[in-house]
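Structural features, examined
Each chain is listed here by its residues.
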Amino acid sequence: ELGDLLFVLANVARHLKIDAEECIRNANAKFERRFHYIEEQFSKRGKPLTEGSLEEMEALWVEAKKKEVA
């Protein structure tokens, strides 16, 4: 079912003349930037990422999003 949904979304993008591949590339790049920010913050604290809580990571994710907007 998920595959069907992705297929439909690709068709919607095509009808709207939106490049679906470019959209997913941009989304992946944004994810990578934000995740690297989290990794950098943990590194600065001298703490391995594997020891971070979901709450810490979520807070840093939100911080990374805010920095992108600014």
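Presented here is an overview of the structure given in this document. On a predicted model such as this, the values are computed, not experimentally measured, just so you know. (Residues numbered from 1 in each chain as written. Predicted model: local features only at pLDDT ≥ 70, side-chain atom pairs only at ≥ 80, totals over all residues. Heavy atoms only, no water.)

**Quick look at the overall build of the protein chain**
Across its full length, the protein chain carries three helices and zero strands. Each helix and strand of the protein chain, ordered N terminal to C terminal, gives the series α-α-α. Relative to the 2.2 N^0.38 estimate, which gives 11 Å for 70 residues, the radius of gyration of the protein chain is 16 Å and therefore markedly larger than a compact globule would have. Principal-axis analysis of the C-alpha atoms places the extent of the protein chain at approximately 50 × 30 × 15 Å. A gap of 7 Å separates the mean positions of the 12 positive and 14 negative side-chain charges of the protein chain. (Helix = DSSP H or I, 4+ residues; strand = E, 2+ residues; numbered from the N terminus. Rg over C-alpha atoms; globule rule 2.2 N^0.38 Å. Lys, Arg positive; Asp, Glu negative; His and termini not counted. Charge placed at Lys NZ, Arg CZ, Asp CG, Glu CD.)

**Description of the layout of surface pockets**
The calculated volume of the largest pocket comes to roughly 190 Å³. Around the largest pocket, the lining residues are Leu6, Leu9, Ala10, Ala13, Ile18, Ala20, Glu21, Cys23 and Ile24. (1 Å grid on protein atoms, 1.4 Å probe; cavity = no way out; pocket = protein on both sides within 12 Å on 5 of 7 lines; lining within 4 Å. Points joined across faces, edges and corners; volume = space filled by probe spheres on them.)

**A word on the pattern of salt bridges**
What the rule picks out here adds up to four salt bridges. Among the salt bridges present, the one from Arg33 reaches Glu68, with a minimum N-O distance of 3.3 Å. In this pair, Arg33 is assigned in helix 2 (residues 20–44) and Glu68 in helix 3 (residues 54–69), connecting sequence segments 35 residues apart. Classification of Arg33 by relative accessible area gives partly exposed; the value is 47%. With its nearest N and O atoms 3.1 Å apart, the salt bridge here joins Glu68 to Arg34. Of this pair, Glu68 sits in helix 3 while Arg34 sits in helix 2; the two residues are 34 residues apart in sequence, bridging distant segments of the chain. Shared partners join several salt bridges into a network, and the residues in it are Arg33, Arg34 and Glu68. (Salt bridge = Lys/Arg side-chain N within 4 Å of Asp/Glu carboxyl O. Buried < 20%, exposed > 50% of the residue type's maximum accessible area, 1.4 Å probe, protein only.)

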